[in-house]
Amino acid sequence: MSNPRWLLTWLLATAITLGGWFAFEKYWRTQGYAPTVMDSLDLWSQHRARAVKPAPPQRIALLGASRIQYGFSPAVFRDEAFKMGLNVDPIMLAVNGHYPLAALRDLADDPKFTGTVIIGCDSRGMDRKVWEMQAKQIAHYHHDWSPSREVHRRLLTRVQEHAIAARPDFAFVTLIKRHIDGLGAPYKEYVTFERDRAGGTDYVKSDINAIRNARVADLRKYYPMYTPPAPDVWLNEMREVARWVERINARGGKVVFYREPVSGEHIDLDEQNFPREKYWDKLVAIMPATMIDFRDYPPLNIDTPDTSHIDIKDIDRHTRAFVQVLRQLKVL
Amino acid sequence: MTFDSLTFAVFLAIVFPAYVLLRSWNGRKNLLLAASCVFYGSWNPFFLILLAFTTVFDWWAAQRINAATSDATRRRWFWASIIASLSLLGYFKYAQFFANTAIEWLALVGVTYKPIDLGIVLPLGISFYTFESISYIVDVYKKRITPTKNLRDYGLFMTFFPHLVAGPIMRFGDFNAQTTTPRTVTADAVATGAFMLVGGLFLKIVGADQVFAPVSDIVFAPDYKAGFIAAWAGAFSFSMQVYCDFAGYSLAALGIAKMFGFHLPPNFEAPFASVGIAELWTRWHISLSNWLRDYVFNPLGHYRKGRLRGYLNVMITFTACGFWHGAAWHFVVWGAMHGAFLVGERLLKDSIGDWKLWDAKPVRWLLALLTFALFSWAVVYFRAPTIALAWDRTLAMFGFAAQDAATLTWNGEVWVFVVALVVGLAVQAWLKPRKGWDWLPALAWPWRVALLSLMSLAIILSPGKTNAFIYFQF
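Rules used throughout
Counting restarts for each chain: residues are numbered from 1 in the order of the written sequence. Throughout, the order in which chains and ligands are written sets their labels, letters from A for the former and numbers from 1 for the latter. Only residues with pLDDT of at least 70 are given local features in this predicted model, and only at 80 or more are side-chain atom pairs given and counted; all residues enter the totals for whole chains, interfaces and linings. Only heavy atoms go into the side-chain values, all of them from the structure, while hydrogens and water stay out. A run of H or I in DSSP becomes a helix once it reaches four residues, and a run of E becomes a strand once it reaches two; helices and strands are each numbered from the N terminus. Burial status follows relative accessibility: with a 1.4 Å probe on protein chains alone, a residue under 20% of its type maximum counts as buried, one over 50% as exposed, and anything between as partly exposed. Two residues qualify as a contact provided that any one of their heavy atoms is within 4.5 Å of a heavy atom in the partner residue. For this count, His and the chain ends are skipped, Lys and Arg are scored as positive, and Asp and Glu as negative. A charged residue contributes its charge at one atom only: NZ of Lys, CZ of Arg, CG of Asp or CD of Glu. Once two parts are put together, the accessible area they lose, assessed with a 1.4 Å probe and summed over both, is termed the buried area. For salt bridges, the criterion is a side-chain nitrogen of Lys or Arg within 4 Å of an Asp or Glu carboxyl oxygen. One less than the number of residues in a helix, times 1.5 Å, gives the span that helix is expected to have. Any two strands with at least two DSSP-identified bridges between them are counted as paired. Axis lines are fitted through C-alpha atoms, for helices just across the contact stretch, and the angle between N-to-C directions can take any value from 0 to 180 degrees. Pairing of aromatic side chains here covers Phe, Tyr and the six-membered ring of Trp, requires ring centres within 6.5 Å, and sorts the geometry by plane angle: under 30 degrees stacked, over 60 edge-to-face, intermediate tilted. Only when the NZ atom of a Lys or the CZ atom of an Arg is both within 6 Å of the ring centre and within 35 degrees of the ring normal do we say a charge sits over the ring.

Draft legend 1. Spatial organisation of the overall build of chain A. Along chain A, the regular secondary structure elements total 13 helices and seven strands. In terms of its C-alpha atoms, chain A occupies a principal-axis envelope of roughly 80 × 45 × 35 Å. Burial statistics for chain A: of 332 residues in total, 53% are counted as buried. Put simply, 82% of the contacts in chain A that link residues at least 6 apart link residues at least 24 apart. Once the 46 positive and 41 negative side-chain charges of chain A are each reduced to a mean point, those two points are 4 Å apart.

Draft legend 2. Structural context of the interface of chain A and chain B. In this assembly, 36 residues from chain A lie in contact with 38 residues from chain B. The junction of chain A with chain B conceals about 3,200 Å² of combined surface from both sides, 72% of it contributed by carbon and sulfur atoms. Area buried by chain A at its contact with chain B is led by A:Trp6, A:Trp10 and A:Lys177, which between them contribute 21% of it. Remark: the boundary between chain A and chain B carries one salt bridge. B:Glu413 serves as the salt-bridge partner of A:Lys177, at 2.5 Å between the closest nitrogen and oxygen. Of all the elements in the fold, those that place two or more residues in the side of chain A that touches chain B are α1 (4–30), α7 (147–162) and α8 (172–180) of chain A.

Draft legend 3. Looking closely at the side chain of A:Thr36. Residue and element names in this part refer to chain A. Within the secondary structure layout, threonine 36 lies in the loop between α1 and α2 (41–50). Residue threonine 36 is classed as buried on the basis of its relative accessible area of 19%. If we ignore the near neighbours within four places in the chain, the residues touching threonine 36 are Gln160, Arg167 and Phe193.

Draft legend 4. Highlighting α7(A). In this model α7(A) runs 24 Å from its N-terminal to its C-terminal C-alpha over 16 residues, within 8% of the 22 Å that 1.5 Å per residue would give. On its buried face, α7(A) sits against α2 of chain A together with α1 (6–21) of chain B.

Draft legend 5. Up close: the sheet that holds strand β2 (residues 88–92) of chain A. All names here are of chain A. If you trace the five strands from one edge of the open sheet to the other, you get β2-β1-β3-β6-β7, paired in parallel fashion. On the outer flanks of this sheet lie β2 and β7 (290–293), each paired with one strand and no other. Strand after strand, the sheet turns through a mean of 20° between neighbouring axes, direction not considered. Where strand β1 (residues 58–63) lies against strand β3 (residues 116–120), four bridges are found, and the strand directions are parallel. If you follow leucine 63 over to β3, its bridge partner there is isoleucine 119. Sheet contacts for α2: β1 and β2; angle to β2, the most-contacted strand, approximately 155°. Each of β3, β6 (254–259) and β7 touches helix α13 (residues 315–328); the most contacted strand, β6, lies at about 130° to it.

Draft legend 6. Representation of the pairing of β1(A) within the structure. Residue and element names in this part refer to chain A. Most of β1 is tucked away, with five of its six residues classed as buried. Sheet analysis places β1 next to β2, joined by five bridges and oriented parallel. Following the sheet pairing, glutamine 58 is matched in β2 by valine 88.

Draft legend 7. Representation of the environment of A:Ala171 in the model. Following the sequence through the fold, A:Ala171 ends up in the loop between α7 and α8. When its relative accessible area of 0% is taken as the criterion, A:Ala171 is described as buried. Residues in contact with A:Ala171, not counting those within four places in the same chain, are B:Gln210, B:Leu461, B:Ser462 and B:Pro463.

Draft legend 8. Structural view of helix α10 (residues 231–250) of chain A. Residues and elements named next belong to chain A. Under the 1.5 Å per step criterion, the end-to-end length of α10 is 28 Å for 20 residues, consistent within 8% with the ideal 28 Å. Those residues of α10 that fall on the buried side of the exposure criterion are Trp234, Leu235, Glu237, Met238, Val241, Ala242, Trp244, Val245 and Ile248. In this fold, the buried residues of α10 make contact with α5 (101–109), β3, β6 and α12 (280–286). Immediately beyond the C-terminal end of α10, within one or two residues, lies glycine 252, with a positive phi of roughly 95°.

Draft legend 9. Layout of the packing of aromatic side chains. Residue and element names in this part refer to chain B. Tallied over the full model, the rule gives 86 aromatic pairs over all chains. Taken together, a centroid distance of 5.1 Å and an interplanar angle of 70° make the contact between tryptophan 377 and phenylalanine 398 edge-to-face. With tryptophan 377 in helix α14 (residues 361–383) and phenylalanine 398 in the loop between α15 (387–397) and α16 (412–431), the pair connects residues that are 21 residues apart, well separated along the chain. Classification of phenylalanine 398 by relative accessible area gives partly exposed; the value is 43%. Against the face of tryptophan 324 rests lysine 93, its NZ or CZ located 5.3 Å from the ring centre.

What follows is the structure, given as structure tokens:
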């Protein structure tokens, strides 16, 4: 460089920056934190784009909320199907805390999608009031997703896998704010999340009693404020969903509705508000899809420590059992 | 791709060395044109066709204007080009707005229509490149410049990626001088340009997204009931956010261009240290205010046709400025407020005259703060999604908040904002007498190291939601 001071400036600044970053990573690792992939609209869109790639392999869209996202391993699904001689590509499109009907409609409306849909949902999640919960993801995919975003997201995933500094809860401004508010270090997550958008709840890392009690308490508060639709109204709304399913079927695809395992007071409250015989069982008659309730298949009846989600150690077993059930029902 | 994306880091890591390695100036220009097309097309390849159409049509129209032997023919080509440019802008940016407005107005007289969604996606940067293309045609028509016969050079003027999607709005005359003479890449320019790029990213990623956006997001949430302090905090916060966002983008653009040996005009020069709104508009979005002066205000007659007509011209120009920013009434109100401030300031100056007191330092500081407060009041109409919400915040700012208005909680969020606001304004006061970035090479190297290290580390340690640049929506 013609100006040695500039060279010095950049060399020293780069060294200080990298040193500071290294020290930051080292410190938080010693405090028991680890890097993790963070979900985003871009990551969802990246996987949604995979769903319309031509077969083979056969595309299998996994829709739902947290129970699917933290209950299935796409890699194990693929391996188990491979053992059966099937070439499938399971794509995790479930979104934590968001019921998935809008995503089902979106796939039905997409003529390029010719795959299978597995949709994890209970009767409450099919109420019209919550249909649009994943609308934001869908709008992002159709309007904002671009080659530029794809490159960015793929690189960002790599960075997030290796750097704690890539976690928004470790942004230095956020840490300063937490310090001023006396909140201390960021919360230690018991939920893991991977680049395939699947995750797991590791209850060994958590106070499971507190989580279970909080979850049940929330549900106890929620149901009195919520009026379930009358069974006939609900069923009538589901006729529209049935038409979406027919569209997927017409293109050679298949749809599976899966009532995932829940337990304890959670399922009691669900049953009080959406009795199976008045809702789910009636749906079987009108829906041109395969209907799977975990209670009908003992291998799927897996313990849910917080009443709503299976533990991370059971994900592989759950996934394998589910693939076996699909095979048994000739979906695969 | 945006400057703060990893995609852009890869893009720059490929394009810049390739540019340096190429020896031929034509080869370098070809590379820049191709890279700019990739840069733009990576958002939406379809809109590259639109940009290409505008570019080729206006380049050709300019040739026709220049070659025309009669005034009538010149005029025909001129208007053909202007109408084509404004029609595209009108369709993509304003069609939905006009449809909505028509439906709302018809509803007032009892004719009801269901709202229609035209499903139009706004092509990125259309407002910016349309203005550049109009300025080219006007300048050719007025014989201020000779049109270029080189389509590649004109294409590079339109698409040069540092300024393509959010300015600075370039003039062909300024840019062409740089494309006809080969640019040299010097180590000093690369080092300074890269420093400016880091500075721009720091303003955007740390200032806009991490520090200021959270406060304005709270205060401008539709269901938030803002009290007096909260409303002012939200307004100040958004003023700083939009400054860090847009000045950050512009600074990064200038820095990147500098690395390639190009000079882009500065777009921001310590605007919040301005004394008076008139001065502020010579320091805020400078390339737009110059464009409006040259292609709207002056053709309207400036102040030449009398004082009243001058005031009207100011109002027209700034209302148009608001409408350029966004197809919504709250942007129009924002622009009109600035027009009214400028007229009011002129009236005040004319009636008071040169008073020595105005030059006293403490008074100038107070006036600068008042200018910032006025800007922040107006910016409420820029930020709020509806006029109703902006009006609600205005009432709170002037002491008419709702009874159950929220009091601002002095938590970490607010403390960080307050400290950053004070530092931000102090830095602008320090920068005001310094021209552009000339102070940077003169800064002692240990200070440069400290500044660069702090900014770089702050950027790395500021992951967050990737917020789009605010001016990309225009």
